[in-house]
Structure formats: C-alpha cells, structure tokens
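Reading the structure
Now for the letters of each chain:
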Amino acid sequence: GASLTWAAGPARARALFPGVTIKRLWPKGPKLMRCEPGSVIPAHEHDEHEHLFVVSGDFLLEGQRFRVGDHLSSPAGSRHEEGTTRTGCILLLNV
C-alpha cells in the first residue's frame, strides 16, 4: 500500500473525501494526495490543466491502472469518472 511517511510540516493535510487527504507542499505549487485502499475520488471536471504522478501504490481511473512512476495529464475542461485505488496510493498533483 501507500507506505511513505506523511511527515509533519508547515502545511496541514485536510480531508478531501472519505479516506482521501490532501496537503499543499508550498503556498503555490504541487499537492500530495493520500488515498486509503478502496477510497473513491468522485467524478469531476478540471477547471485548469492538471498533472498527476503516482508516487506510491496504484490508482484506477476509467479502466486504466496507474502505478508508481505513471503520469496523467488532464487538460482544462476534461472530465473524469470516479477514481479509486486497490492498495492505497500517494499522488503528486500539480495544477
């Protein structure tokens, strides 16, 4: 599963959805999202271009399984069905 340490720091993690927390790394910049096994990110539309990088675990989206090192680029205006994870994951997001 997602075994990386969620270290304390100046930025605080906040709950986003059940089993999903998010933490901004710097005031303007990337965020880390931690998803517990079986958690769900609801369907959504992107207002801005987003880059997603799988740091640990797996992330399932629209029938595709993303693993460690995989990258997904979502242009502004694109829409995703719900995403989930079997093992839990940590995702790096940059908007």
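Refer to the structure presented above.
The structure reproduced in this document is the subject of the present report.

With that settled, the discussion passes to the overall build of the chain. Of regular secondary structure, the chain possesses zero helices and eleven strands. In the chain, the succession of helices and strands from N to C terminus is β-β-β-β-β-β-β-β-β-β-β. Residues classed as buried in the chain amount to 34% of the 95 residues present. Taking contacts inside the chain between residues at least 6 apart in sequence as the whole, the part at least 24 apart equals 58%. For the chain, the exposed surface amounts to about 5,700 Å²; the carbon and sulfur share of it is 54%.

Where strand β3 (residues 31–35) and strand β11 (residues 89–94) come together, five bridges link them in antiparallel fashion. Bridging across to β11, K31 finds its partner in L93. As paired elements, strand β6 (residues 50–61) and β11 share six bridges and run antiparallel to each other. The residue bridging L52 from the neighbouring strand is L93, located in β11.

On β3, burial follows the alternation: K31, M33 and C35 on one face are buried, whereas L32 and R34 on the facing-out side are not. As judged from the five bridges shared by strand β2 (residues 20–24) and β3, these two strands associate in the antiparallel manner. Each bridged residue has a counterpart across the sheet, and for T21 the counterpart in β3 is R34. As consecutive antiparallel partners, β2 and β3 are separated by six residues, and within that stretch G29 has a phi angle of approximately 155°, a positive value.

Attention now goes to the layout of surface pockets. Roughly 450 Å³ of volume is contained in the largest pocket. As for the largest pocket, its lining consists of 25 residues, and the residues nearest its centre are M33, H44, H46, E50 and L93. For the lining of the largest pocket, the per-class residue count stands at 14 nonpolar, five polar and six charged.

This model, assessed by the stated rule, comprises one salt bridge. The partner of R65 in a salt bridge is D58, and the shortest N-O contact between them spans 3.0 Å. The partly exposed category is assigned to R65, whose relative accessible area is 31%.

This part covers the environment of E50. Its location among the elements puts E50 in strand β6. Given a relative accessible area of 15%, E50 falls into the buried group. Residues E50 and L72 lie 22 residues apart in sequence; the distance between their C-alpha atoms is 8.2 Å. Aside from chain neighbours lying at most four places away, what touches E50 is L72, S73, S74, L93, N94 and V95.

Rules used in this analysis
- Residues numbered from 1 in each chain as written.
- Predicted model: local features only at pLDDT ≥ 70, side-chain atom pairs only at ≥ 80, totals over all residues.
- Heavy atoms only, no water.
- Helix = DSSP H or I, 4+ residues; strand = E, 2+ residues; numbered from the N terminus.
- Buried < 20%, exposed > 50% of the residue type's maximum accessible area, 1.4 Å probe, protein only.
- Contact = heavy atoms within 4.5 Å.
- Areas by Shrake-Rupley, 256 points an atom, 1.4 Å probe, with all protein chains shown as cover.
- Pairing = 2+ DSSP bridges.
- 1 Å grid on protein atoms, 1.4 Å probe; cavity = no way out; pocket = protein on both sides within 12 Å on 5 of 7 lines; lining within 4 Å.
- Points joined across faces, edges and corners; volume = space filled by probe spheres on them.
- Nonpolar A, V, L, I, M, F, W, Y, C, P; charged D, E, K, R; others polar.
- Salt bridge = Lys/Arg side-chain N within 4 Å of Asp/Glu carboxyl O.

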